[in-house]
Amino acid sequence: GDDPVAAWVPSEVLAHSCGLHFAAKASDRSVLRDLGVGTFGFAELLACLTHTAGITWLRTMWGDQSRNHFFSDLYMSLAESISAEPSRVQDLQTLMLFPSEDMDVGAQDADAAAAQRATEPNLTN
């Protein structure tokens, strides 16, 4: 689809989460639209992000060298989806988009995060 995050979605994640496959590269999109073939959108992205394969994909991307570009595209797609349909924010509230302590983001990253938390003051209201 035209959604920039679609370029990052592994084919196997789309297949496992939606039962779909990417049909073509960018140059073939207009022909596919004319034939009535659907495009990657919010429903497909949400399915990818909530499926077990998608959760593994997100965990992998946190440690990837391209993570800044990936998460920029992901958050842009999510923001545009919410802007188009504000009620979608409810669908996103349960997503694990940020790494938690139990996510495997690499020992160095986890150790660094733990050390930083230990030195930061505990803020409360």
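Coordinates for the structure precede this section.
My aim in this report is to walk through the structure given alongside it, one point at a time. A quick note: this is a predicted structure, and the numbers were derived from the prediction, not measured.

Rules and cut-offs
- Residues numbered from 1 in each chain as written.
- Predicted model: local features only at pLDDT ≥ 70, side-chain atom pairs only at ≥ 80, totals over all residues.
- Heavy atoms only, no water.
- Helix = DSSP H or I, 4+ residues; strand = E, 2+ residues; numbered from the N terminus.
- Buried < 20%, exposed > 50% of the residue type's maximum accessible area, 1.4 Å probe, protein only.
- Contact = heavy atoms within 4.5 Å.
- Areas by Shrake-Rupley, 256 points an atom, 1.4 Å probe, with all protein chains shown as cover.
- Core = buried A, V, L, I, M, F, W, Y, C linked by side-chain atoms within 4.5 Å.
- Disulfide = S-S within 2.5 Å.
- Axes fitted to C-alpha atoms, helices over the stretch in contact; angles between N-to-C directions.
- Parallel < 35°, antiparallel > 145°, perpendicular 65-115°, else oblique.
- Nonpolar A, V, L, I, M, F, W, Y, C, P; charged D, E, K, R; others polar.

**Re the overall build of the protein chain**
What the protein chain contains, in helices and strands, is seven helices and zero strands. Each helix and strand of the protein chain, placed in order from N terminus to C terminus, yields the pattern α-α-α-α-α-α-α. In the protein chain, which comprises 125 residues, the share counted as buried stands at 26%. Expressed as a percentage of contacts within the protein chain between residues at least 6 apart in sequence, the contacts between residues at least 24 apart total 64%. Summing over all exposed atoms, the protein chain offers an accessible surface of approximately 8,400 Å²; the carbon and sulfur share of this is 52%.

**Comments concerning the nonpolar core**
Ranked by size, the top nonpolar core spans 22 residues in total, and within it Phe40, Leu49, Trp57, Phe70 and Leu74 carry the most contacts. No other element matches the five residues that helix α3 (residues 42-50) contributes to this core. Discounting chain neighbours no more than four positions away, the residues touching Leu74 are Val5, Leu45, Leu49, Leu58 and Leu97.

**Comments concerning the environment of Ser72**
By secondary structure assignment, the location of Ser72 is in helix α5 (residues 67-84). Sequence separation of Ser72 and Val5 is 67 residues, and the distance between their C-alpha atoms is 8.8 Å.

**Notes on the state of the cysteines**
Tallied over the entire structure, the rule returns zero disulfides. Between Cys18, a free cysteine, and Cys48, which holds the nearest cysteine sulfur, the sulfur-to-sulfur gap is 4.5 Å. For Cys48, a relative accessible area of 0% gives the class buried.

**Some remarks on the packing of α3 against helix α4 (residues 52-62)**
Direction vectors running N to C along α3 and α4 enclose 80°, while the axes themselves pass 4 Å from each other. With respect to α4, the element α3 is oriented roughly perpendicular. On α4, the residues touching Cys48, Leu49 and Thr50 of α3 are Thr52, Gly54, Ile55, Trp57 and Leu58. Looking at the contact of α3 with α4 residue by residue, the class counts come to five nonpolar, three polar and no charged.

**Remarks on the packing of α4 against α5**
At their nearest, the axes of α4 and α5 sit 9 Å apart, and the two run at 135° to each other. Here α4 is positioned oblique relative to α5, judged by the angle of their axes. Facing Trp57, Leu58, Met61 and Trp62 of α4, the residues of α5 in contact are Arg67, Phe70, Phe71, Leu74 and Tyr75. The residue makeup of the contact of α4 with α5, split by class, is eight nonpolar, no polar and one charged.

**Comments concerning the environment of Arg33**
Tracing the backbone through its elements, the reader meets Arg33 in helix α2 (residues 29-34). On the accessibility criterion, Arg33 (40% relative accessible area) is partly exposed. The contact partners of Arg33, leaving out residues within four places of it in the chain, are Asp2 and Thr39.

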